[in-house]
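The primary structure of each chain is shown beneath.
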Amino acid sequence: MTTQNTTTQPLDSLKIGMLEVTIWKNDSEKGPPQNITISRRYRDGDEYKTAYSFGPADLATVKVLTDWAIKRVIEYQLVQKTVANSLQRSGG
């Protein structure tokens, strides 16, 4: 699993309870695709930690978070295409 650069700000995130999905911009030579991470916070004594595995009771919430992330990524891609098309038409 790739860890995200801590200086990179997420494009968007949604948290439900202790589960969170985060959308990251990942610029590359092929354009700026988005990557997502889904994480679960839990308490270990006095310390909060992050895990990337889920139990059966988490799966319905993981699905809601994943559905939301898919919708947001598609929206970002549509905006990027619209901007690129506008720039082409304007000669920029």
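Everything below is about the structure shown above.
Here goes a summary of the coordinates provided. (Residues numbered from 1 in each chain as written. Predicted model: local features only at pLDDT ≥ 70, side-chain atom pairs only at ≥ 80, totals over all residues. Heavy atoms only, no water.)

### Description of the overall build of the chain
Our working definition: Counting from the N terminus, the helices are the DSSP runs of H or I reaching at least four residues and the strands are the DSSP runs of E reaching at least two. Only protein chains enter the area calculation, which uses a 1.4 Å probe; residues under 20% of their type maximum are buried, those over 50% are exposed, and those in between are partly exposed. Whether two residues are in contact is decided by their heavy atoms: any pair within 4.5 Å suffices.
A tally of regular secondary structure across the chain gives one helix and four strands. Reading the chain from its N end, one meets helices and strands in the order β-β-β-β-α. Per-residue burial over the chain gives 20% buried out of 92 residues. Excluding contacts between residues fewer than 6 apart, the proportion of contacts in the chain whose partners are at least 24 apart in sequence is 37%.

### Comments concerning the pattern of salt bridges
Convention followed: When a carboxyl oxygen of Asp or Glu lies within 4 Å of a side-chain nitrogen of Lys or Arg, that pair is called a salt bridge.
Evaluation of the coordinates by the stated rule reveals five salt bridges. With its nearest N and O atoms 2.8 Å apart, the salt bridge here joins D12 to R72. Taken together, the residues D12 in strand β1 (residues 12-16) and R72 in helix α1 (residues 59-90) connect sequence positions 60 residues apart. Ionic pairing is found between E75 and R72, a salt bridge with its closest N-O pair at 2.4 Å. Pair noted here: E75 and R72 are both in helix α1, with a separation of three residues, about one helical turn. Of the residues examined, R72 reaches a relative accessible area of 23% and is grouped as partly exposed. A network of salt bridges, in which partner residues are shared, links D12, R72 and E75.

### Examining a nonpolar patch on the surface
Selection rule: A residue counts toward a patch only above 30% relative accessible area and without a salt bridge, and it is joined to like-charged neighbours within 9 Å or, for Val, Leu, Ile, Met, Phe, Trp and Tyr, to nonpolar neighbours within 5 Å. In short, Shrake-Rupley with a 1.4 Å probe defines the accessible areas, and a residue's cover is counted only from the protein chains shown.
Taken together, I70, I74 and L78 make up a surface patch of nonpolar side chains, about 280 Å² in accessible area. In this structure, L78 sits in helix α1. Here L78 falls in the exposed class, since its relative accessible area comes to 51%.

### Describing the sheet that holds strand β2 (residues 19-25)
Selection rule: Strands are treated as partners if at least two bridges between them are detected by DSSP. The angle between two axes is taken between their N-to-C directions and runs from 0 to 180 degrees, where each axis is a line fitted to C-alpha atoms and a helix contributes only its stretch in contact.
The strand order across the open sheet formed by four strands is β1-β2-β3-β4, and the pairing between neighbours is antiparallel. Strands at the two margins of the open sheet, each flanked by one partner only, are β1 and β4 (47-51). Adjacent strand axes in the sheet meet at a mean angle of 25° when their direction is disregarded. The pairing of strand β3 (residues 34-44) with β4 spans five bridges and is classified as antiparallel. Across the sheet, Y42 pairs through a bridge with K49, a residue of β4. Against the sheet, α1 contacts β1, β2 and β3, and its axis sits at roughly 20° relative to β2.

### With respect to the environment of R41
Worth spelling out the cut-off: Contacts described as polar in this section are N or O atom pairs within 3.5 Å, which, within protein, must combine one atom able to donate a hydrogen with one able to accept it, while residues neighboring in sequence count only if both atoms come from side chains.
Take R41: it is sitting in strand β3. Sequence separation between R41 and L19 is 22 residues; the distance between their C-alpha atoms is 6.4 Å. The contact partners of R41, leaving out residues within four places of it in the chain, are M18, Y48, K49 and T50. Side-chain polar atoms of R41 contact the side chain of T50, separated by 2.8 Å.

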